[in-house]
Amino acid sequence: GGHGNLCPHASAGCIALCLGEHSGQAAMSETVRDSRKRKASFFMTNRTEYMAEFARHIARVVETAATLNLKPAIRPNGSTDIAYEGIPVTIGGETFPNIMAAFPTVPFIDYTKNPNRFSRKLPDNYFLTFSLSETNEPIARKLLARGFNVAAVFGSGLPDTYLGAMVLDGDKHDLRHLDPKGGFIIGLSPKGSRAKRDRSGFVIRDYQTNNP
């Protein structure tokens, strides 16, 4: 959105395959890319109103889900890595410490490459999964040892274990709050033609030599 990188811990491999530019809906639609840039600019230039608008959208989702007898889940970051747990929001004159506190019965889920976000108490309804890249394996190992789950992209199917942790199939759903906790690898397949061709190290290959 013209305001710099909102994923400050992104690696070169991650940037090359970015969900906001080269993967998923963004890879297929310039309209989607432009919309995400406008939202990023809105966040950076008028954060108070952005958060209020965010809350209004969530309230509508919660209301719609109730009429359909569904359970909503919210993913604040798709192509960003913003620490929403530290951003207050004002709704109807009441200020909450973060958007999760404003909707305490709704699960919020995100992937992050920022290890600092695991060093403070997160809201009970905010579920973060660390994202492995070609540059942050030592950090991922430490977080696994502390009991946090780590997402990893594998190029040719899922191994049984990786980095000494059991690998779970993360493609069965994207509801990361439903994953068992305790230091698991959440295995994902590469999405999109660019990701399938990736040789940066972001998409993991040669499992036997990289699976001590």
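Residues numbered from 1 in each chain as written. Predicted model: local features only at pLDDT ≥ 70, side-chain atom pairs only at ≥ 80, totals over all residues. Heavy atoms only, no water.

Okay, the overall build of the protein chain next. Of regular secondary structure, the protein chain possesses seven helices and nine strands. In terms of overall size, the protein chain behaves like a compact globule, its C-alpha atoms giving a radius of gyration of 18 Å where 212 residues would be expected to give roughly 17 Å. Dimensions of the protein chain, computed from C-alpha atoms along their principal axes, come out at roughly 55 × 35 × 35 Å. Across the 212 residues of the protein chain, 44% fall into the buried class. Restricting the contact set of the protein chain to residue pairs at least 6 apart, pairs at least 24 apart contribute 56%. Surface exposure of the protein chain reaches about 11,400 Å², of which carbon and sulfur atoms provide 54%. (Helix = DSSP H or I, 4+ residues; strand = E, 2+ residues; numbered from the N terminus. Rg over C-alpha atoms; globule rule 2.2 N^0.38 Å. Buried < 20%, exposed > 50% of the residue type's maximum accessible area, 1.4 Å probe, protein only. Contact = heavy atoms within 4.5 Å. Areas by Shrake-Rupley, 256 points an atom, 1.4 Å probe, with all protein chains shown as cover.)

Moving on: the layout of surface pockets. Empty space left among the atoms is revealed by rolling a probe the size of a water molecule over them. In this model, the second largest pocket occupies a volume close to 280 Å³. Surrounding the second largest pocket, 16 residues form its lining, Tyr 126, Phe 127, Leu 128, Phe 148 and Lys 181 being those nearest its centre. In the lining of the second largest pocket, the residues fall into seven nonpolar, three polar and six charged. (1 Å grid on protein atoms, 1.4 Å probe; cavity = no way out; pocket = protein on both sides within 12 Å on 5 of 7 lines; lining within 4 Å. Points joined across faces, edges and corners; volume = space filled by probe spheres on them. Nonpolar A, V, L, I, M, F, W, Y, C, P; charged D, E, K, R; others polar.)

Position of Asn 149 relative to the elements: it lies in the loop between helix H6 (137-145) and strand S5 (150-154). A residue is classified by how much of its surface remains accessible, and Asn 149, at 7% relative accessible area, is buried. Sequence separation between Asn 149 and Glu 49 is 100 residues, and the spatial gap between their C-alpha atoms is 33 Å. Other than its neighbours up to four places away in sequence, Asn 149 contacts Thr 129, Phe 130, Asp 179, Pro 180, Lys 181, Gly 182, Gly 183, Phe 184 and Ile 186. Within polar-contact distance, the side chain of Asn 149 engages the backbone oxygen of Pro 180 at 2.9 Å. (Polar contact = N/O pair within 3.5 Å; in protein donor to acceptor, adjacent residues only side chain to side chain.)

Take the packing of aromatic side chains next. Applying the stated criterion to the full structure yields eight aromatic pairs. For the ring pair Phe 42 and Tyr 50, a centre distance of 5.5 Å and an interplane angle of 75° mean the geometry is edge-to-face. Under the relative-accessibility criterion, Phe 42 is labelled partly exposed at 29%. Judged by centre distance (5.3 Å) and plane angle (85°), the rings of Phe 154 and Tyr 162 are edge-to-face. With respect to class, Phe 154 is no different from Tyr 162; both count as buried. Cluster of aromatic residues (ring-pair linked, three or more members): Phe 42, Phe 43, Tyr 50, Phe 54 and Tyr 84. (Phe/Tyr/Trp six-rings, centres within 6.5 Å; stacked < 30°, edge-to-face > 60°.)

Once that is clear, we can look at unusual backbone geometry. Residue Asn 69 is not a glycine yet carries a positive backbone phi of 60°. Mapped onto the elements, Asn 69 comes out in the loop between helix H4 (47-67) and strand S1 (89-91). Not every positive phi belongs to a glycine, and Leu 163 is a case in point at roughly 55°. Within the element layout of this structure, Leu 163 appears in the loop between strand S6 (161-162) and strand S7 (165-169). Look at Leu 163 and you get buried, because its relative accessible area is 8%.

Let us now look at the environment of Gly 155. Positionally, Gly 155 belongs in the loop between S5 and S6. Separated by 49 residues in sequence, Gly 155 and Ile 204 place their C-alpha atoms 5.8 Å apart. When neighbours within four sequence positions are excluded, Gly 155 is seen to be in contact with Pro 190, Val 203, Ile 204, Arg 205 and Tyr 207.

Further remarks concern the nonpolar core. In summary, soluble globular proteins display a tendency toward joint burial of nonpolar side chains. Ranked by size, the top nonpolar core spans 39 residues in total, and within it Tyr 84, Ile 99, Phe 108 and Ile 185 carry the most contacts. Counting only elements with at least two residues in this core, the list comes to helix H3 (30-45), H4, helix H5 (99-102), strand S4 (126-131), H6, S5 and S7. The dominant element in this core, judged by the number of residues it contributes, is H4, at five residues. Other than its neighbours up to four places away in sequence, Ile 99 contacts Met 51, Phe 54, Ala 55, Ile 58, Ile 87, Val 89 and Phe 108. (Core = buried A, V, L, I, M, F, W, Y, C linked by side-chain atoms within 4.5 Å.)

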